[in-house]
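Residue-level structure breakdown
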Amino acid sequence: WCKGWNKDRARDGKYPGVPFQGEKDWQKYEVARRLKDVVHTIRAQYRKDWKSKELKKQQRAVALYFIDKLALRAGNEKEEGETADTVGCCSLRVEHIQLHRRLDGQEHVVEFDFLGKDSIRYYNKVSVEKPVFENLQLFMKNKDPTDDLFDQLTTTFLNKHLQRLMDGLTAKVFRTYNASITLQEQLKALTNPEDNVAGKLLSYNRANRAVAILCNHQRSVPKTFARSMEVLQEKIDAKKKQVEEAQEGVKKAEDEFKETKDAKAEANVEKKKKLLKRLEEQLAKLNVQATDKEENKQIALGTSKLNYLDPRITVAWCKKFGIPIEKIYNKTQREKFAWAIDMAGEDFEF
DNA sequence: AATAAGGACTCAGAAACGTAGCG
DNA sequence: ACGCTACGTTTCTGAGTCCTTAT
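Residues numbered from 1 in each chain as written. Chains lettered and ligands numbered in written order. Predicted model: local features only at pLDDT ≥ 70, side-chain atom pairs only at ≥ 80, totals over all residues. Heavy atoms only, no water.

Focus: the packing of aromatic side chains
For the structure on display, the rule yields 14 aromatic pairs. An angle of 90 degrees between the planes, with centres 6.0 Å apart, marks the rings of Phe112 and Tyr122 as edge-to-face. You can see Phe112 sitting in strand E2 (residues 106-115) and its partner Tyr122 sitting in strand E3 (residues 121-127), a full ten residues away along the chain. Tyr122 carries the same exposure label as Phe112, and that label is buried. Between Tyr177 and Phe350, the ring centres sit 6.5 Å apart and the planes meet at 35 degrees, which makes this aromatic pair tilted. (Phe/Tyr/Trp six-rings, centres within 6.5 Å; stacked < 30°, edge-to-face > 60°. Helix = DSSP H or I, 4+ residues; strand = E, 2+ residues; numbered from the N terminus. Buried < 20%, exposed > 50% of the residue type's maximum accessible area, 1.4 Å probe, protein only.)

Quick word on the protein's contact with DNA strand C
The environment of DNA strand C is made up of 17 residues, and the closest members are Lys78, Thr86, Lys117, Lys172 and Thr332. Within 4 Å of the protein, atoms of DNA strand C come from sugar and phosphate in 90% of cases. Gly75 is positioned with one of its backbone polar atoms (N or O) 3.1 Å from a phosphate oxygen of DNA strand C. For the surface near DNA strand C, the residue count by class is two nonpolar, nine polar and six charged. (Near = heavy atom within 4 Å. Polar contact = N/O pair within 3.5 Å; in protein donor to acceptor, adjacent residues only side chain to side chain. Nonpolar A, V, L, I, M, F, W, Y, C, P; charged D, E, K, R; others polar.)

A short note on the sheet that holds strand E1 (residues 97-103)
Read across the open sheet, the three strands follow the order E1-E2-E3; overall the sheet is antiparallel. Looking at which strands have only one partner, the edges of the open sheet turn out to be E1 and E3. Across the sheet, the axes of successive neighbouring strands diverge by a mean angle of 15 degrees, strand direction being ignored. Note: E2 against E3, seven bridges, orientation antiparallel. By the bridge assignment for E3, Glu111 is matched with Lys125. With respect to the sheet, helix H3 (residues 55-70) is in contact with E2 and E3, its orientation differing from that of E3 by roughly 100 degrees. (Pairing = 2+ DSSP bridges. Axes fitted to C-alpha atoms, helices over the stretch in contact; angles between N-to-C directions. Contact = heavy atoms within 4.5 Å.)

What to know about the protein's contact with DNA strand B
Around DNA strand B, the structure places 16 residues, and the nearest of them are Lys28, Arg73, Lys117, Thr303 and Tyr308. Each atom of DNA strand B within 4 Å of the protein belongs either to a base or to sugar and phosphate, the latter forming 94%. Put simply, the parts of the chain that give the surface near DNA strand B at least two residues each are helix H2 (23-49), helix H6 (171-190) and helix H10 (302-307). Taken together, the residues of the surface near DNA strand B sort by class into two nonpolar, six polar and eight charged.

Some points on the pattern of salt bridges
Two side chains with opposite charge may pair up if their charged atoms get near one another. According to the stated counting rule, one finds 16 salt bridges in the structure shown. Residue Arg227 pairs with Glu230 through a salt bridge whose shortest N-O separation is 3.3 Å. One end of the pair, Arg227, and the other, Glu230, are both in helix H8 (residues 225-260), three residues apart, so they sit about a helical turn from each other. By sharing partners, the salt bridges in this structure join Glu30, Arg33, Asp310 and Arg312 into a single network. (Salt bridge = Lys/Arg side-chain N within 4 Å of Asp/Glu carboxyl O.)

Description of H2
The terminal C-alpha atoms of H2, which comprises 27 residues, lie 36 Å apart, in line with the 39 Å expected from a rise of 1.5 Å per residue. The largest bend in H2 is about 55 degrees, located at Val38. Looking at H2, one finds that the buried residues are Asp25, Tyr29, Val31, Ala32, Leu35, Val39, Ile42, Tyr46 and Asp49. (Expected span 1.5 Å × (residues − 1). Bend = angle between axes of the 7 residues up to and from the residue.)

As structure tokens, this is what we get:
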């Protein structure tokens, strides 16, 4: 009962020393927000370090660039053989990247192909800045495919460096920071105040999706995906037909009104128009659903929503556009993010 | 001072579960 | 009404991060 008392009564921040519900989470996002203030100098710093005379610093600077730009994981070394052969940034091997001086009209392209956490494949082609490209060429020189790309670098060394740049900063903070800032930017860019709730929710999902893609959160295509897509398409087709019929209905009613000019016929016109409008809205909603579903085929939104996105951004967005929070967070999630729902106003900025 | 071992905590996707809506 | 199914939610369990401590 003691636990229960703690949970219900004490964990609201009123009692010093008793952590409030979600405090750990809150702290995590506060660290990420502090990174926002210094990220520019950090970027300037690693740019400079690309030109460093020390190989170790060069490697650290390029790795950090990947972690920042591509939201790669740190990549600790782990015992060989015992575990699956997966890598992160610092444990990348020569065989995991290919360099293209130009590709598809872009310059200095790095092609990544490796297995990351949980053996999820990371495949990406990225145009990088010229010094990075040249550094990579240098790091790969005279090496076998199975050699470490960053042979001078460890996660410990990298994190020590980051700790010096900002209190509490580690490699994974970049993931949190970039995920949250991307959500905020995308929401700003995609939300149209004129849209109805369904349209705004689609925008939210798209912003969420941009983050999931950045963090490489994948899922296998659900077994029932093709089937349920078909069903949805059938619904759309049926609805289209209904809309057409309703259009004819309107026309018919209008013709009748022209002939008779009586009030009853006029009321009928209004009725038919209303019906048409309702059906058109339903059709639009279905189309939105279909788009959303297709775009989401292989992307898992849950992980970023739960672990990377500062919930206050979402809460603020909901408040600003009058979206009920239940449309985004289910009951469990609302409990998890209760602190944020409580804390954030519509003008919260990450 | 560098490295290894261990462990707390966080993150990852999918299987299992429950239920609302459908015919 | 009644079973079915598709879907959202919860649970499960393993993987990865990063810190502390021992050597």
